[in-house]
Amino acid sequence: VRFAIASEGLDETILYRDKAGDDWKPLATFRDGEAGWRPLAFDADNRTVYITSDEGRATAAVYRYDTVTHKRGELVHADPHYDVEEVLWDDALQRVVAVAYTTDRRRIVPLDETYGRRQRVVEEAFPGMVCTQVSATGQGANTAVFVSSDREPGVYYFLDEKRKKIEEIAVV
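Residues numbered from 1 in each chain as written. Predicted model: local features only at pLDDT ≥ 70, side-chain atom pairs only at ≥ 80, totals over all residues. Heavy atoms only, no water.

**Student:** Can you break down the nonpolar core residue by residue, with the values?
**Tutor:** Within the largest apolar cluster, eleven residues are counted, these being F3, I14, Y16, A28, F30, W37, V49, I51, A61, Y63 and Y65. Those elements that provide at least two residues to this core are β2 (11–16), β3 (25–31), β5 (48–53) and β6 (61–66). Tallying contributions element by element places β6 first for this core, with three residues. (Core = buried A, V, L, I, M, F, W, Y, C linked by side-chain atoms within 4.5 Å. Buried < 20%, exposed > 50% of the residue type's maximum accessible area, 1.4 Å probe, protein only. Helix = DSSP H or I, 4+ residues; strand = E, 2+ residues; numbered from the N terminus.)

What follows is the structure in structure tokens.
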């Protein structure tokens, strides 16, 4: 664990350490209800952290954060109406591949070309549904996908990109 959040009254402090056993260093303190940021996930380089922040904004957006310089970096994704507060990691690709947020339903915005291609395939196969890639192999040629909506609790499917087939695995 390299990030932690300590709470005292209405204050929350973001703590960081380079490795287990190091002392925790406070990076920032925010009062509940005020603008601030939170860590979400490390990227594959183990230096960059994706954070969600509403500092200087009306809605929360995802940014990169450098753990060496302790500076917020480039904007990854923002929506002018909704808080963007989640990143999606792909084990097969070993990197953050998308951001997600909720409007009338969960929205996924691909950041990676391979992930984006798979996402388009399943969203075209299941229009109007929420399609979440839950597991993939290699470069994602085989992907397990969870498909749901406000009226459908969910079904797991297997996407085989090579054979261009989607097969039902299990109903929730």
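**Student:** Summarise the sheet that holds strand β12 (residues 142–148); cite the residues concerned and give the values.
**Tutor:** Adjacent strands of a sheet pair through backbone hydrogen bonds, lying either parallel or antiparallel. Judged by pairing direction, the sheet is antiparallel, and its four strands sit side by side in the order β11-β12-β13-β14 without closing on themselves. Either end of the sheet is taken by a strand with one partner, and the two such strands are β11 (130–136) and β14 (165–171). Within the sheet, the average angular offset between the axes of one strand and its neighbour, ignoring direction, is 30°. Bridge count between β12 and strand β13 (residues 155–160): six bridges; the pairing is antiparallel. Note on β13: the bridge partner recorded for V147 is V155. Across the sheet, helix α1 (residues 113–125) is in contact with β11, β12, β13 and β14; its angle to β11 comes to roughly 135°. (Pairing = 2+ DSSP bridges. Axes fitted to C-alpha atoms, helices over the stretch in contact; angles between N-to-C directions. Contact = heavy atoms within 4.5 Å.)

**Student:** Kindly report on the sheet that holds strand β7 (residues 71–77), identifying the contributing residues and their values.
**Tutor:** Sheet architecture is open: four strands sit in the order β4-β5-β6-β7, paired in antiparallel fashion. One side of each edge strand has no neighbouring strand; the edge strands of this open sheet are β4 (37–42) and β7. When strand polarity is set aside, the average angle formed by the axes of neighbouring strands in this sheet is 35°. In this structure, β5 lies alongside β6, joined through six bridges in antiparallel fashion. Bridged to S53 within β6 is A61.

**Student:** A description of the confidence of the model for the chain should follow, citing residues and the corresponding values.
**Tutor:** For any part of a model where pLDDT is low, the fine detail of the predicted coordinates should not be relied upon. The predicted model of the chain averages 93 in pLDDT, with 98% of residues at 70 or higher. Per-element mean pLDDT across the chain ranges from 91 in β11 up to 97 in β6. (pLDDT = per-residue confidence, 0-100.)

**Student:** Describe in detail a nonpolar patch on the surface, supporting the description with residues and values.
**Tutor:** The grouping of V134, Y156, I169 and V172 at the surface amounts to a nonpolar patch, some 360 Å² of accessible area in total. Structurally, V134 is set in strand β11. Overall, the relative accessible area of 46% leaves V134 in the partly exposed class. (Patch = residues over 30% accessible without salt bridge, like charges linked within 9 Å, V, L, I, M, F, W, Y side chains within 5 Å. Areas by Shrake-Rupley, 256 points an atom, 1.4 Å probe, with all protein chains shown as cover. Salt bridge = Lys/Arg side-chain N within 4 Å of Asp/Glu carboxyl O.)

**Student:** Run through unusual backbone geometry, naming residues and quoting values.
**Tutor:** With a phi angle near 60°, H70 is a residue other than glycine that sits in the positive phi range. Within the secondary structure, H70 is located in the loop between β6 and β7. Despite not being glycine, Q94 has its phi angle at roughly 60°, a positive value. Note that Q94 resides in the loop between β8 (84–90) and β9 (95–102).

**Student:** Before we move on, can you summarise α1 with the specific residues and values?
**Tutor:** Here α1 contains 13 residues, and its C-alpha end-to-end distance of 19 Å stays within 8% of the 18 Å for a straight helix at 1.5 Å per residue. Every buried residue belonging to α1 is among T114, Y115, G116, R118, Q119 and V122, and all of these are buried. Near the N-terminus of α1, the side chain that reaches the backbone nitrogen of T114, with its oxygen 3.0 Å away, is that of D112. (Expected span 1.5 Å × (residues − 1). Polar contact = N/O pair within 3.5 Å; in protein donor to acceptor, adjacent residues only side chain to side chain.)

**Student:** How would you explain the environment of E167 if you had to name every residue and give the values?
**Tutor:** As for its position among the elements, E167 is in strand β14. The sequence separation of E167 and Y157 amounts to ten residues, and the corresponding C-alpha distance is 5.4 Å. Sequence-distant contacts of E167, defined by excluding residues within four places in its chain, comprise Y156, Y157 and F158. Engagement of the side chain of E167 in a polar contact is seen with the side chain of R163, the distance being 2.7 Å.

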